[in-house]
Amino acid sequence: MRRAARRSALARVLPASTAALLIASPAAAQRDRPNSADTVPPAPWERRSPVRFALGGAGLFQSGRGGTGPAVGDGGGFDAFAALQVSALSVGVGYQRTEHRLRASGPGRALYHGVFVEPRVSVAPFRNFTPYVAGRAAFLRQRVPATGQFAADNRSFTALGAGVGTLVWLAPSVQLDLAGMFVDARGGRSASLDARTTGPGRGALFRAGLVVGLDRWGR
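Residues numbered from 1 in each chain as written. Predicted model: local features only at pLDDT ≥ 70, side-chain atom pairs only at ≥ 80, totals over all residues. Heavy atoms only, no water.

K.L.:
What exactly am I supposed to notice about empty space enclosed by the protein here?
P.N.:
The method is simple in principle: a probe with the dimensions of a water molecule rolls over the atoms, and the space it marks as empty is what remains. If you walk through the whole model with that rule in mind, you get two cavities of 30 Å³ or more. Forming the walls of the largest cavity are Gln62, Gln96, Arg136, Ala138, Leu140, Ala159, Leu160, Gly161, Val183, Ala185 and Leu205. When residues of the lining of the largest cavity are traced back to their parent elements, those giving at least two are β5 (129-144), β6 (153-171) and β7 (174-185). Of the residues assigned to the lining of the largest cavity, the class counts are seven nonpolar, three polar and one charged. (1 Å grid on protein atoms, 1.4 Å probe; cavity = no way out; pocket = protein on both sides within 12 Å on 5 of 7 lines; lining within 4 Å. Points joined across faces, edges and corners; volume = space filled by probe spheres on them. Helix = DSSP H or I, 4+ residues; strand = E, 2+ residues; numbered from the N terminus. Nonpolar A, V, L, I, M, F, W, Y, C, P; charged D, E, K, R; others polar.)

Structure follows, in structure tokens:
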């Protein structure tokens, strides 16, 4: 009788235990499995990049070519800008000023100054430097003194440029800014300059300066 009672109890307990194990095993496996949302990186449009602010300035050298105005030659000067950066894109707004020698007879130098907008896109940033491509639209005012051949002139025009550059890491949030651009700095025709176009003309613009900020730009 006792053996029969034990067999009857085992017959009732074993099916219940087996069913509990079968239910618990998938639940434990699901709990231990990593969340798919944690393993799949977010799509680019879902990523949230912080907005960074930077300040910069550089010395400029601009070649003067094209026979514009009273034979404007090479010149130098400076620029200064403030920029906002999101991910690989940076947009800066600043002020530039260059003075150019006049190849024509007579004293004085030609002055070009005004504001500019410069978008930049970083390209494959490396450990200690960040290459970039850039464009520039400058809204300039020129001041050309009177010479033996031409009357004085003071007018506005737009200069457009594009080129490449790189930021070189010097210290946390401080980088050396080097760039070269091809610039078309020619204005409209001017009767006071013998119907010739104004501005330094088409040529190269080189920059060397510093940027404070953009320490992790494009990364």
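Anyway, onward from the coordinates.
K.L.:
I tried to follow unusual backbone geometry on my own but got confused; where do I start?
P.N.:
For residues other than glycine, phi is negative in most cases, and the peptide bonds are mostly trans. Positive phi, close to 55 degrees, is recorded for Ser87, a residue that is not glycine. Tracing the chain through its elements places Ser87 in the loop between β2 (72-86) and β3 (89-102). For Ser87, a relative accessible area of 40% gives the class partly exposed. Positive phi, normally seen in glycine, also occurs at Ser173, with a value near 70 degrees. One can find Ser173 in the loop between β6 and β7. (Buried < 20%, exposed > 50% of the residue type's maximum accessible area, 1.4 Å probe, protein only.)

K.L.:
Explain the pairing of β6 to me, please; I cannot follow it from the model alone.
P.N.:
Within a regular strand, the side chains alternate between the two sheet faces. As judged from the 16 bridges shared by β5 and β6, these two strands associate in the antiparallel manner. The residue bridging Pro131 from the neighbouring strand is Thr166, located in β6. The pairing of β6 with β7 spans 11 bridges and is antiparallel. Across the sheet, the residue bridging to Thr166 is Leu178, located in β7. (Pairing = 2+ DSSP bridges.)

K.L.:
Help me understand the pattern of salt bridges in this model?
P.N.:
Side-chain pairs of opposite charge can arise whenever the charged atoms involved come near each other. A full pass over the atoms with the stated rule returns nine salt bridges. For Glu118, the salt bridge is made with Arg136, and the minimal N-O distance between the two is 2.8 Å. Separated by 18 residues along the polypeptide, Glu118 in strand β4 (residues 109-122) and Arg136 in strand β5 bring together distant segments of the chain. Overlapping salt bridges bring together Asp79, Glu118, Arg120, Arg136, Asp177 and Arg207 as one network. (Salt bridge = Lys/Arg side-chain N within 4 Å of Asp/Glu carboxyl O.)

K.L.:
It is not clear to me how the packing of aromatic side chains should be interpreted in this structure. Could you clarify?
P.N.:
Aromatic ring pairs are reported here in terms of the distance separating the ring centres and the angle at which the planes meet. Enumeration over the complete set of coordinates arrives at three aromatic pairs. Their ring planes at 80 degrees and their centres at 5.9 Å tell us that Tyr112 and Phe157 sit as a pair that is edge-to-face. One end of the pair, Tyr112, is in strand β4; the other, Phe157, is in strand β6, and 45 residues separate them in sequence. A relative accessible area of 1% places Tyr112 in the buried class. Between the aromatic rings of Phe126 and Phe129, the centroid separation amounts to 4.9 Å while the plane-to-plane angle is 25 degrees, which identifies the pairing as stacked. The lysine or arginine in question, Arg136, covers the ring of Phe116, its NZ or CZ lying 3.8 Å from the ring centre. (Phe/Tyr/Trp six-rings, centres within 6.5 Å; stacked < 30°, edge-to-face > 60°. Lys NZ or Arg CZ within 6 Å of the ring centre and 35° of its normal.)

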